Amino acid sequence: MINTVTTIANILFAWTVMFLVLSWMLAGAYSFFSSFFARMKVTHGAWLTLAYGLMAPVAATLTLMILYIPTLAFSLVTDHCHGALCTPHTLQMTTETFNGMVTVTLIVITLVSVGTLMVMQSLSGRRRLQTLSDLSESTSKYYRLVDNPAAIAWCAGLFRPQVFLSSGLVNSLSARQLQIILTHELAHALRRDNLSKWCLHWATIAWPQSRRQRIRQEFFDYTEQISDLAAAYVHQGKTDLVDLIRLLDSCCASSSKHNNSARQDHIIKRIIALEHELERQTDGTTTQKESLFPGYAVASVWLVFIVMAVHYGHPLLEWLSR
């Protein structure tokens, strides 16, 4: 039993170290990759940004799996011996010392605390969604109506997102305007943007504050642009783009964080981004190779980081555990 607990604690220690190192490396390189993602179509930029943000926890997990399978790791790990053991081997961690036990214990407590916070946040969101569902009525298969005089619309929920519209919004808009708002919010729901943002939030928790705020904001902007694009496609030719963005900005709950001057700048940037993306989507110059390139790019980055993590992670973890 004690050996099993020690093994689990060592694995958690190793995962945390790899997660932290990879997080700092990815955060340091994000500026370069961000400019690269921005040149892609907005849909590509969104999932590339998400994949980049999720890389640290996933790569740390894959790295440990490889490190604990000597036949896979030996070609990536520099030859070295532990006493008479000179064959390919798993991690030789010696955290049974007092300092090692204290370090591992602190890390396990930290991981358990973070995991508890994640579960509590998820459960709290689920309870809020249930409360909203109880306080609203289903007048359409596409959204639930909330009795509120304010003109607001939002998408809530992680795994089974629902769109909520206020009675004030429904009563103040024309049928066409309501369809525009609904299309925007349904795009969020169909793409499960709330779940993606939640995963990105926790996957970048160890990034320096300025970098994690940047990647989260840029991913948020991508999701808004994609939903704007969906609304524009469905209603293109019927509504001026400027009016469309102003309508979306005034009704979507997420826009309430802007003050007047910042809101005007936000609207202008949003209009420019939508115009640019519409031109990009309809110019017909994207080749099959260019469409596949983002996938190759992110796969290559993942592969490089995993190989580096295995190659340098093995000696690093053994050194830290002494």
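Residues numbered from 1 in each chain as written. Predicted model: local features only at pLDDT ≥ 70, side-chain atom pairs only at ≥ 80, totals over all residues. Heavy atoms only, no water.

When helices and strands are counted, the protein shows twelve helices and four strands. Relative to its full complement of 322 residues, the protein shows a buried share of 41%. Residue pairs in contact within the protein that sit at least 24 positions apart in sequence constitute 70% of those at least 6 positions apart. Carbon together with sulfur atoms contributes 63% to the accessible area of the protein, which is approximately 17,600 Å² in total. (Helix = DSSP H or I, 4+ residues; strand = E, 2+ residues; numbered from the N terminus. Buried < 20%, exposed > 50% of the residue type's maximum accessible area, 1.4 Å probe, protein only. Contact = heavy atoms within 4.5 Å. Areas by Shrake-Rupley, 256 points an atom, 1.4 Å probe, with all protein chains shown as cover.)

Let's shift gears to a nonpolar patch on the surface. Together, Met25, Val304, Met308 and Tyr312 make up an exposed nonpolar region whose accessible area comes to about 360 Å². Among the elements that make up the nonpolar patch, the one with the highest residue count is helix H12 (residues 288-320) (three residues). If you trace the backbone, Tyr312 turns up in helix H12. (Patch = residues over 30% accessible without salt bridge, like charges linked within 9 Å, V, L, I, M, F, W, Y side chains within 5 Å. Salt bridge = Lys/Arg side-chain N within 4 Å of Asp/Glu carboxyl O.)

In the structure shown here, the tally under the stated rule is ten aromatic pairs. Considering the side-chain rings of Phe32 and Phe33, the 5.2 Å spacing of their centres and the 80° angle between planes classify their relative orientation as edge-to-face. Since its relative accessible area comes to 59%, Phe32 is described here as exposed. Here the aromatic residues Tyr30, Phe32, Phe33, Phe36, Phe37, Tyr52 and Trp207 are joined through ring pairs into a cluster of three or more. (Phe/Tyr/Trp six-rings, centres within 6.5 Å; stacked < 30°, edge-to-face > 60°.)

Below, the discussion takes up the pattern of salt bridges. Opposite charge on two side chains allows them to pair when their charged atoms are near. Counted by the stated rule, this structure contains two salt bridges. Arg191 is the partner of Asp193 in a salt bridge, and the nearest nitrogen-oxygen pair spans 3.3 Å. On the accessibility criterion, Asp193 (1% relative accessible area) is buried. The partner of Glu218 in a salt bridge is Arg214, with the nearest N and O atoms 3.0 Å apart. Placement of the pair is Glu218 and Arg214 together in helix H9 (residues 209-235), with a separation of four residues, close to one helical turn. Exposure remark for Arg214: the relative accessible area of 29% places this residue in the partly exposed category.

Take the side chain of Ser227 next. By the secondary structure assignment, Ser227 is in helix H9. Excluding anything up to four places from it in sequence, Ser227 contacts His184, Ala187, His188 and Asp193.

Here we take up the pairing of strand E3 (residues 153-156). Alternating positions in E3 separate into two faces, Ala153 and Cys155 on one and Trp154 and Ala156 on the other, with burial throughout. Both E3 and strand E4 (residues 162-166) contribute to a ladder of four bridges, which runs antiparallel. What sits directly across from Trp154, in E4, is Phe164. Between the end of E3 and the start of E4, which pair antiparallel, lie five residues, with Gly157 showing a positive phi angle near 105°. (Pairing = 2+ DSSP bridges.)

Glancing now at the packing of helix H2 (residues 42-53) against H9. Contact geometry of H2 with H9 gives a least axis separation of 9 Å together with a crossing angle of 150°. It follows that H2 is roughly antiparallel to H9 by the angle criterion. Here the hand of the crossing between H2 and H9 comes out left-handed. Residue-level contacts link Val42, Thr43, Gly45, Ala46, Thr49, Leu50, Tyr52 and Gly53 of H2 to Ile215, Phe219, Tyr222, Gln225, Ile226 and Leu229 of H9. Considered class by class, the residues forming the contact of H2 with H9 number nine nonpolar, five polar and no charged. (Axes fitted to C-alpha atoms, helices over the stretch in contact; angles between N-to-C directions. Parallel < 35°, antiparallel > 145°, perpendicular 65-115°, else oblique. Left-handed = near helix turned anticlockwise from the far one by under 90°. Nonpolar A, V, L, I, M, F, W, Y, C, P; charged D, E, K, R; others polar.)

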